[in-house]
Amino acid sequence: MASRVKSVIKRGRATVETALEHGRATVETAIVHGRATVETAIHHGRATVETAIVHGRATVETALEHGRATMKAAILHGREDIRIESVPVPKAEAGELIVQVGAALTCGTDLKVFRRGYHARMIVPPALFGHELAGTVVEAGAGVADFAPGDRVVALNSAPCGHCYYCERGQENLCDDLLFNNGAYAEFIRIPARIVAKNTLKVPEHVALEHAALTEPLACAVHGFEDSHPRPGDTVAIIGGGPLGLMILHVAALAGYEVIALVKHDGQVEAARQLGAAHVVQTGSIRKAVHDTRALTPNNRGVDIAIEAVGIPEAWQEAVELVRKGGTVNFFGGCATGTHVMLDTNRIHYSDITLRATFHHTPAICRKALDLIAGGRFQAGAFITGHAHLYELNRVFEKLMNRSSEIKTAIVP
Ligand SMILES: [Zn+2]
Ligand SMILES: [Zn+2]
């Protein structure tokens, strides 16, 4: 009996030991296999990720190299009707450039076009829209020697023909065949050969593209100011606190002239001061503005130069009332077609008043404007009061129509 019990115990122990041994072996095998599986998984995973990265990179590179087929662009369809659409990315023909837009700036002219739905000289819908831009060259057409992909450029909105009566007399702003270009509110823009040859400038490295995009409006401002033929010591009154009024003011102040700014809205008062106005006259009443401005000059004689930068007939008339005998008035702001002004002939004649009306810019003045921006004293940043994506363009213009305190919004595609 005892020997049977012993033998059972012995067999039982043997079974347990065998079981333990097998169990241990199974666990070890499992661990080894598990580890191998995990390692394989990691290895495969890593390989898959690496392959994906390589393929992804190749695809991106191919896409970059081949260029994208379509881009987003703002198309003006009519009055207050801008649509962001997918359109073919332009290709550069001989002499042309394709520029990837870095920043496009809103402008009073664009606002007018948005409100009216067209511009007789510059844009007939449906059309690409926007004209103040700077960006990076992505393609240069055959025969382009001065620019290559990667160059940062500002391309002006127009270029004169160079051989008409006006061009030959140095009045290229009045060229009979001024070529306009639109399409800045887009990812890419085609720059026509004539603008590439005459009115595309390289942007110095230290100048931000959105600041360089101010070249076009600033060229108009510099032209308007120089065309008023200021003389040292002159006092200059500028009517209007919009982007162009503020720019002329800043140009005059930087050149050392005493500037009186006539503005309407609260936000414009601070901007005028910051940009160098010695005096700011804020009023909605023309008669009061004339009185207050004259009161700032010796014996109420009036200012030496008055520049109108609003573009309404009432302000043109006001400008004539601001100047002294022998003074100069510049009707800088373009009024709506068909409008007229009544002027006091006696005052014009017996006070020997010079009347000018500067329009647009010339290639030489565009270069001066970019030099001014690059020079460092010009407060480019003060003119860009907002940033928005291309998709927000409608909202931006609606806001500008409601006379917000925005000066310019940089549209970044
Ligand atoms: Zn403009
Ligand atoms: Zn011409």
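Structural data are supplied above this passage.
Okay, so let's go over this structure. In this text, all values refer to a predicted model and were calculated from it rather than measured experimentally.

Points about the coordination of the zinc ion (ligand 1)
Next up, step 1: Those donors, Cys107 (SG), His131 (NE2) and Glu132 (OE), are the protein atoms that reach the zinc ion (ligand 1), and they lie 2.0 to 2.3 Å from it.
Next up, step 2: The sequence motif formed by the donor residues of the zinc ion (ligand 1) is C-x23-H-E. In this pair, cysteine 107 is assigned in the loop between strand S3 (97-105) and helix H2 (108-116) and glutamate 132 in strand S5 (residues 132-140), connecting sequence segments 25 residues apart.
Next up, step 3: Judged by its relative accessible area of 7%, cysteine 107 falls in the buried class.

Quick notes on the sheet that holds strand S2 (residues 81-88)
Next up, step 1: Spatial strand order, S2-S1-S4: three strands in an open sheet with antiparallel pairing. Only two strands of the sheet have a single partner each, and these edge strands are S2 and strand S4 (127-128).
Next up, step 2: Relative to S2, strand S1 (residues 70-78) runs antiparallel, the two sharing eight bridges. Bridged to alanine 73 within S2 is glutamate 85.

Considerations on helix H8 (residues 266-274)
Next up, step 1: Among the residues of H8, Gln268, Val269, Ala271 and Ala272 are the ones counted as buried.
Next up, step 2: For H8, the elements touching its buried residues are helix H7 (243-254), strand S12 (258-263) and strand S13 (279-282).
Next up, step 3: In the segment just after H8, glycine 276 is the residue with positive phi, at about 115°.

Some words on the sheet that holds strand S16 (residues 354-356)
Next up, step 1: Here six strands make up an open sheet; going across it, the order is S13-S12-S11-S14-S15-S16 and the pairing parallel. Single-partner strands in this sheet number two, and they are S13 and S16. On average, adjacent strands in this sheet sit at an angle of 15° to one another, irrespective of strand direction.
Next up, step 2: With five bridges joining them, strand S14 (residues 303-308) and strand S15 (residues 323-331) adopt parallel strand pairing. Note on S15: the bridge partner recorded for alanine 306 is valine 329.

A few points about unusual backbone geometry
Next up, step 1: The omega torsion of the bond from proline 125 to proline 126 falls at -5°, within 30 degrees of zero and hence cis.
Next up, step 2: As for its position among the elements, proline 126 is in the loop between H2 and S4.
Next up, step 3: The phi torsion at glutamate 80 lies on the positive side, around 50°, for a residue other than glycine.
Next up, step 4: Of note, glutamate 80 is situated in the loop between S1 and S2.
Next up, step 5: A positive phi is found at asparagine 300, a non-glycine position, where the angle reads about 55°.

Observations concerning the nonpolar core
Next up, step 1: Within the largest apolar cluster, 54 residues are counted, with the highest numbers of intra-cluster contacts made by Leu214, Leu218, Leu249 and Phe378.
Next up, step 2: Sorting elements by how many residues they give to this core places H7 first, with eight residues.
Next up, step 3: Here leucine 249 is in contact with Ile238, Val259, Ala261, Ala272, Leu275, Gly276 and Ala277, once residues within four sequence places are set aside.
Next up, step 4: With 33 residues, the next largest nonpolar core counts Ala104, Phe114, Leu393 and Ile411 among its residues.

As for a nonpolar patch on the surface
Next up, step 1: Together, Val341, Leu343 and Leu355 make up a nonpolar patch on the protein surface, roughly 190 Å² of accessible area in all.
Next up, step 2: Locating leucine 355 in the fold gives a position in strand S16.
Next up, step 3: The class for leucine 355 is partly exposed, based on a relative accessible area of 36%.

Conventions used here
- Residues numbered from 1 in each chain as written.
- Chains lettered and ligands numbered in written order.
- Predicted model: local features only at pLDDT ≥ 70, side-chain atom pairs only at ≥ 80, totals over all residues.
- Heavy atoms only, no water.
- Donors = N, O, S within 2.8 Å, 3.2 Å for Na, K, Ca; no water.
- Helix = DSSP H or I, 4+ residues; strand = E, 2+ residues; numbered from the N terminus.
- Buried < 20%, exposed > 50% of the residue type's maximum accessible area, 1.4 Å probe, protein only.
- Pairing = 2+ DSSP bridges.
- Contact = heavy atoms within 4.5 Å.
- Axes fitted to C-alpha atoms, helices over the stretch in contact; angles between N-to-C directions.
- Core = buried A, V, L, I, M, F, W, Y, C linked by side-chain atoms within 4.5 Å.
- Patch = residues over 30% accessible without salt bridge, like charges linked within 9 Å, V, L, I, M, F, W, Y side chains within 5 Å.
- Areas by Shrake-Rupley, 256 points an atom, 1.4 Å probe, with all protein chains shown as cover.
- Salt bridge = Lys/Arg side-chain N within 4 Å of Asp/Glu carboxyl O.

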